[in-house]
Amino acid sequence: MPKEHFSSVAHWVFDLDNTLYPPQARLFDQIETRMTAFVMDALKVDRAEADRLRTQYWREHGTTLAGLMEIHGVEPGPYLETVHDIDLGHLEADATLAARIRALPGRRIVYTNGSAPYAERVLAARGLEGLFDAVYGVEHAGFQPKPRRAAFEAVFARDGTDATRAAMFEDDPRNLAEPHAMGMRTVHVAPEPHAADHIHHHTDDLGSFLGRLL
């Protein structure tokens, strides 16, 4: 993994969930449970149907929220507040990851399909607060979700990100397709690699990967 592949990177873009903390933390188990409960209440359906719709909307619309908004006119604010009201008590600070993010040259941002307040809570629990120049949630993309091109364009325009001098770190392979098309260096952060032309690198240990770039 040549360090030279990142020599021109001046903008570092990090997803949040299962990227800046390990998937073993299983935060999404809590979030998905709350998503299902929200769908049950909002659409007056049983748990099985709510689970089916949650998955279908994620697959077809990018996020469950996008499907709820576009098909059912659901307001995003209550949804985001409800599904992210989870326990972060078992997250552990990662001093090594913090030091390596701090050492990256250039501008560092977080961009998540969750909300920015939720992201700030997770960063604090991981000991990563104060390391990023900005934290963006789905609200900063007008509630357009990754993997849509319009979502990336909205956030990058807001931040001044030069995609041709940027790298994207993300656990969901589909969310790396548009960054690749925009000229970004792409890094898939996950336990197992995913073979795709739009993925340049894979790592199952973000801190170790960043250490090889410094």
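Attention here is on the structure that accompanies the text. (Residues numbered from 1 in each chain as written. Predicted model: local features only at pLDDT ≥ 70, side-chain atom pairs only at ≥ 80, totals over all residues. Heavy atoms only, no water.)

A closer look at the nonpolar core
For step 1, the next point in the chain: Of all hydrophobic cores here, the largest spans 48 residues; its most connected members are Leu 20 and Phe 169.
For step 2, the next point in the chain: Not counting the four nearest positions on each side in its chain, Leu 20 is found in contact with Phe 14, Asp 15, Leu 97, Ile 101, Val 110, Leu 123, Arg 126, Leu 128, Phe 132 and Leu 206.
For step 3, the next point in the chain: Among the nonpolar cores identified, the runner-up in size contains 17 residues, and Tyr 111, Ala 163, Ala 166 and Met 184 belong to it. (Core = buried A, V, L, I, M, F, W, Y, C linked by side-chain atoms within 4.5 Å. Buried < 20%, exposed > 50% of the residue type's maximum accessible area, 1.4 Å probe, protein only. Contact = heavy atoms within 4.5 Å.)

Side note on the pattern of salt bridges
A side chain of one charge can pair with a side chain of the opposite charge when the charged atoms of the two come close.
For step 1, the next point in the chain: In the structure shown here, the tally under the stated rule is 14 salt bridges.
For step 2, the next point in the chain: As a salt-bridge pair, Arg 54 and Asp 51 come within 3.0 Å of each other at their nearest N and O atoms. Here Arg 54 pairs with Asp 51, and both are found in helix α2 (residues 47-61), just three residues apart, close to one helical turn.
For step 3, the next point in the chain: Of the charged contacts in the structure, one is a salt bridge between Arg 107 and Asp 159, with a shortest N-O distance of 2.8 Å. Taken together, the positions of Arg 107 in strand β2 (residues 107-111) and Asp 159 in helix α7 (residues 149-159) put the pair 52 residues apart, joining distant regions of the chain.
For step 4, the next point in the chain: For Arg 107, a relative accessible area of 27% corresponds to the partly exposed category.
For step 5, the next point in the chain: When salt bridges that share partners are traced, they join Asp 15, Lys 146 and Glu 170 into one network. (Salt bridge = Lys/Arg side-chain N within 4 Å of Asp/Glu carboxyl O. Helix = DSSP H or I, 4+ residues; strand = E, 2+ residues; numbered from the N terminus.)

As for the sheet that holds strand β3 (residues 134-136)
For step 1, the next point in the chain: The six strands are arranged β3-β2-β1-β4-β5-β6 in an open sheet whose pairing can be described as parallel. The sheet is open, and its two borders are formed by β3 and β6 (201-203), each paired with just one other strand. On average, each strand axis in the sheet is tilted by 20° relative to the strand beside it, whichever way the strands run.
For step 2, the next point in the chain: For β2 and β3, the ladder comprises three bridges, and the chain directions are parallel. When the sheet's bridge partners are listed, Ile 109 is paired in β3 with Ala 134. (Pairing = 2+ DSSP bridges. Axes fitted to C-alpha atoms, helices over the stretch in contact; angles between N-to-C directions.)

Quick notes on the environment of Arg 54
For step 1, the next point in the chain: The exposure class assigned to Arg 54 is buried, which follows from its relative accessible area of 13%.
For step 2, the next point in the chain: Once you skip the residues sitting within four places of it in the chain, Arg 54 turns out to touch Glu 32, Met 35, Thr 36 and Thr 64.
For step 3, the next point in the chain: Here Asp 51 takes part through its side chain, which lies 3.0 Å from a polar atom of the side chain of Arg 54. (Polar contact = N/O pair within 3.5 Å; in protein donor to acceptor, adjacent residues only side chain to side chain.)

Observations regarding α7
Side chains three or four residues apart in an α-helix point the same way, a direct result of the helix having 3.6 residues per turn.
For step 1, the next point in the chain: Taken as a whole, α7 has its buried residues at Ala 151, Phe 152, Val 155, Phe 156 and Asp 159. All buried residues of α7 project into a common sector of 115° when viewed along the axis, lining one side. In α7, the exposed positions that point more than 90 degrees away from the buried face belong to Ala 157 and Arg 158.
For step 2, the next point in the chain: On its buried face, α7 sits against β1 (11-14), β2, β3, β4 (166-170) and α8 (177-181).
For step 3, the next point in the chain: Positive phi appears at Gly 160, one or two residues downstream of α7, with a value of about 80°. (Arc of directions from axis to C-beta.)

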